[in-house]
Amino acid sequence: DTAVSQTPKYLVTQMGNDKSIKCEQNLGHDTMYWYKQDSKKFLKIMFSYNNKELIINETVPNRFSPKSPDKAHLNLHINSLELGDSAVYFCASSQTEEDTQYFGPGTRLTVL
Amino acid sequence: DAKTTQPPSMDCAEGRAANLPCNHSTISGNEYVYWYRQIHSQGPQYIIHGLKNNETNEMASLIITEDRKSSTLILPHATLRDTAVYYCIVRGQNTGTASKLTFGTGTRLQVTL
């Protein structure tokens, strides 16, 4: 009965590759998010989607493209991976844009 | 969103109350105070939030000063499993960026035997 789930949990890949991280929530929430936590442990929002529409895009390189096929899913596709993309990526969801956000377990991406 | 200031670290003996302070002197009238925690290698976990009144749930209590410029998160009986980084976040409502949580550096709480 996991509320917010992400796959994979770990992702190791080479520079220049394209990869995707998937997120699913079974809470019936309308809003979903992607956050990035870098090696210094700073946690920053990247994107938010409300009812499949992009609400926030925090000056993230356009190599990052979120895709929301339906309200329950928000996937993150990353093109041409760079060393600096290595981080833990967290998905979150909330009932509306103003409600409490609940986070997934994270995906640790390592770019070699 | 208003910025918050938290001590970088605190220690607490198991079974005792852990009182985690947060200063948010520039908070606006429509901004809520949220608390999350992050246990090592896990996703941030929601704890509690409030606007003006003190709040209590099964995890913790939140005490907000009358002028709303500071707050304290109280874990009444800390256990080893409460060892984590605790984040105090001030978040606006009814604004264009209401959905944005801005995490600071938080307080690393170490609960010891």
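Above this note sits the structure.
Basis of the calculations
Residues numbered from 1 in each chain as written. Chains lettered and ligands numbered in written order. Predicted model: local features only at pLDDT ≥ 70, side-chain atom pairs only at ≥ 80, totals over all residues. Heavy atoms only, no water. Salt bridge = Lys/Arg side-chain N within 4 Å of Asp/Glu carboxyl O. Helix = DSSP H or I, 4+ residues; strand = E, 2+ residues; numbered from the N terminus. Buried < 20%, exposed > 50% of the residue type's maximum accessible area, 1.4 Å probe, protein only. Pairing = 2+ DSSP bridges. Core = buried A, V, L, I, M, F, W, Y, C linked by side-chain atoms within 4.5 Å. Contact = heavy atoms within 4.5 Å. Axes fitted to C-alpha atoms, helices over the stretch in contact; angles between N-to-C directions. Phe/Tyr/Trp six-rings, centres within 6.5 Å; stacked < 30°, edge-to-face > 60°. Buried area = accessible area lost by both parts, 1.4 Å probe. Polar contact = N/O pair within 3.5 Å; in protein donor to acceptor, adjacent residues only side chain to side chain.

Chemist: Could you clarify how one ought to interpret the pattern of salt bridges in this entry?
Modeler: Close approach of charged atoms allows side chains of opposite charge to pair. All names here are of chain A. Summed over all chains, the structure comprises four salt bridges over all chains. Between Asp 30 and Lys 71 there is a salt bridge, with its nearest N and O atoms 2.7 Å apart. Pair noted here: Asp 30 is in the loop between β3 (19-25) and β4 (31-37) and Lys 71 is in the loop between β7 (64-70) and β8 (73-78), with a separation of 41 residues, a long-range link.

Chemist: What exactly am I supposed to notice about the pairing of strand β3 (residues 32-38) of chain B here?
Modeler: A regular strand carries its side chains on alternate faces of the sheet. Residue and element names in this part refer to chain B. Of all seven residues in β3, six are buried; the element is thus mostly enclosed. Taken together, the seven bridges between β3 and strand β8 (residues 84-91) define a ladder with antiparallel strand orientation. When the bridges of β8 are listed, Val 33 appears paired with Val 90. Bridge count between β3 and strand β4 (residues 45-50): five bridges; the pairing is antiparallel.

Chemist: Quick question: what am I supposed to make of the nonpolar core here?
Modeler: The nonpolar side chains of a soluble globular protein tend to be buried, and buried together. Trp35(B), Leu73(B), Tyr86(B) and Leu109(B) are the most contacted members of the largest nonpolar core, which totals 21 residues. Those elements that place two or more of their residues in this core are β2 (18-23), β3, β4, β6 (61-64), β7 (70-75), β8 and β9 (107-112) of chain B. At four residues, the largest contribution of residues to this core is made by β8(B). Ignoring anything within four residues of it in the chain, the contact list for Leu73(B) reads Ala18(B), Asn19(B), Leu20(B), Trp35(B), Ile47(B), Ile48(B), Ala60(B), Ser61(B) and Tyr86(B). Judged by nonpolar contacts, the second largest core, of 20 residues, contains Met46(A), Leu74(A), Cys91(A) and Val111(A).

Chemist: Which parts of the structure should I look at to understand the sheet that holds strand β1 (residues 4-7) of chain A?
Modeler: In a beta sheet, neighbouring strands pair by backbone hydrogen bonds and run either parallel or antiparallel. Residue and element names in this part refer to chain A. Reading across from one edge, β1-β3-β8-β7 is the order of the four strands in this open sheet, with antiparallel pairing throughout. Whereas interior strands pair on both sides, the edge strands pair on one side only; in this sheet they are β1 and β7. Going from strand to strand, the sheet's axes swing by 20° on average, the running direction of each strand aside. Note: β3 against β8, four bridges, orientation antiparallel. Following the sheet pairing, Ile 21 is matched in β8 by Leu 76.

Chemist: How should unusual backbone geometry be read in this particular structure?
Modeler: Trans is the common state for peptide bonds, and a negative phi is the common state for residues other than glycine. A cis amide bond links Thr7(A) to the next residue, Pro8(A), at an omega of -5°. In this model, Ser80(A) sits at a positive phi of 45°, which is unusual for a non-glycine residue. Residue classification places Ser80(A) among the partly exposed residues on the basis of a relative accessible area of 38%. At Arg68(B), a position not held by glycine, the phi torsion is positive, near 65°. Tracing the chain through its elements places Arg68(B) in the loop between β6 and β7.

Chemist: Help me out: how do you make sense of the packing of aromatic side chains in this one?
Modeler: Applying the stated rule across the entire model yields 11 aromatic pairs over all chains. Taking 6.0 Å as the distance between ring centres and 80° as the angle between the ring planes, the aromatic pair formed by Phe103(A) and Phe103(B) counts as edge-to-face. Here the residue Phe103(A) occupies a position in strand β10 (residues 102-103), and Phe103(B) occupies one in the loop between β8 and β9, the pair thus bridging two chains. A relative accessible area of 12% means that Phe103(A) is categorised as buried. When the centroid spacing of 5.8 Å and the interplanar angle of 70° are considered together, the rings of Tyr36(B) and Tyr46(B) count as edge-to-face. Here the residue Tyr36(B) occupies a position in strand β3, and Tyr46(B) occupies one in strand β4, the gap between them amounting to 10 residues. No difference in accessibility class separates Tyr36(B) from Tyr46(B), as the two residues are buried.

Chemist: Explain the interface of chain A and chain B to me, please; I cannot follow it from the model alone.
Modeler: When the parts of a complex come together, some accessible area is lost, and that lost area is often used as the size of the interface. Across the boundary between the two partners, chain A contributes 20 residues, which contact 20 residues of chain B. For chain A, the biggest contributors to the area lost against chain B are Leu43(A), Glu98(A) and Thr100(A); these three give 32% of the whole. Inspection of the chain A/chain B interface yields five residue pairs in polar contact (both at pLDDT 80 or more). Only β4, β5 (43-50) and β10 of chain A provide two or more residues apiece to the side of chain A that touches chain B.

Chemist: Please clarify how the pairing of β9(B) should be interpreted in this entry.
Modeler: All names here are of chain B. In β9, alternate side chains face the same way, and those of Thr 107, Leu 109 and Val 111 are buried while those of Arg 108, Gln 110 and Thr 112 on the opposite face are not. By the bridge criterion, five bridges tie strand β1 (residues 9-13) to β9 in an arrangement that is parallel. Each bridged residue has a counterpart across the sheet, and for Ala 13 the counterpart in β9 is Thr 112. Bridge analysis of β8 against β9 gives three bridges, and the strand direction is antiparallel. What sits directly across from Val 85, in β9, is Arg 108.

Note that all results are geometric; they support no functional claim without further evidence.
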